[in-house]
Amino acid sequence: INSIATDGKAIKEMESFVDRYKDNVMTKLNQAFPDLGNHDKNLFMYLVLGFSARAISIFMKEKIDVVYNRKSRLKQKISRSDSQYKELLLELID
């Protein structure tokens, strides 16, 4: 698990998988939020992939309450934006 979470190639492969099967949502996230940090992009990707908060906490080496807080802040950031992809992005991580 640790090697997957820190392996840039594995993360890129997961991003490609999400793009391929979820209407290019990672590309849309990057277009809508170009300044979003890698931690938040990875969190979004893990959520889209359906990982539980506990699994995400292991991947991100964070406490589970930190994962919940980061998810909440990410959802707020997306919902406050005027991105054309806002509804799609929120739907996939809710």
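Residues numbered from 1 in each chain as written. Predicted model: local features only at pLDDT ≥ 70, side-chain atom pairs only at ≥ 80, totals over all residues. Heavy atoms only, no water.

> Where do I start with the overall build of the chain in this structure?
Of regular secondary structure, the chain possesses 7 helices and 0 strands. The helix and strand sequence of the chain, counted from the amino end, reads α-α-α-α-α-α-α. Computed over its C-alpha atoms, the radius of gyration of the chain comes to 12 Å, within 12% of the 12 Å expected for a compact globule of 94 residues. Oriented by its inertia axes, the alpha-carbon framework of the chain measures out at about 35 × 30 × 20 Å. Of the contacts formed within the chain by residues at least 6 apart in sequence, a portion of 52% connects residues at least 24 apart. Across the chain, the mean location of the 16 positive side-chain charges is 4 Å away from that of the 13 negative side-chain charges. (Helix = DSSP H or I, 4+ residues; strand = E, 2+ residues; numbered from the N terminus. Rg over C-alpha atoms; globule rule 2.2 N^0.38 Å. Contact = heavy atoms within 4.5 Å. Lys, Arg positive; Asp, Glu negative; His and termini not counted. Charge placed at Lys NZ, Arg CZ, Asp CG, Glu CD.)

> Explain the nonpolar core here, please?
Nonpolar side chains in soluble globular proteins tend to end up buried together. F44, Y46, I78 and L89 are the most contacted members of the largest nonpolar core, which totals 26 residues. Every element with two or more residues in this core is listed here: α2 (8-21), α3 (25-32), α4 (38-48), α5 (53-60), α6 (64-80) and α7 (86-93). Residue contributions to this core peak at 6 residues, all from α4. Apart from residues no more than four positions distant in its own chain, L89 is found in contact with V25, L29, F33, F44 and I78. (Core = buried A, V, L, I, M, F, W, Y, C linked by side-chain atoms within 4.5 Å. Buried < 20%, exposed > 50% of the residue type's maximum accessible area, 1.4 Å probe, protein only.)

> Even after reading the chapter, I still don't get the environment of F51, so can you show me in this structure?
Residue position: F51 is located in the loop between α4 and α5. Once you skip the residues sitting within four places of it in the chain, F51 turns out to touch Y46, I56 and F59.

> Can you help me understand unusual backbone geometry in this one?
Residues apart from glycine generally show negative phi values, whereas peptide bonds are mostly found in trans. The backbone of D23 sits at a positive phi, close to 60 degrees, despite the residue not being glycine. Following the sequence through the fold, D23 ends up in the loop between α2 and α3. Residue K61 is not a glycine yet carries a positive backbone phi of 55 degrees. Here K61 is to be found in the loop between α5 and α6. For K61, a relative accessible area of 55% gives the class exposed.

Without other data, these values stay purely geometric and don't point to any function.
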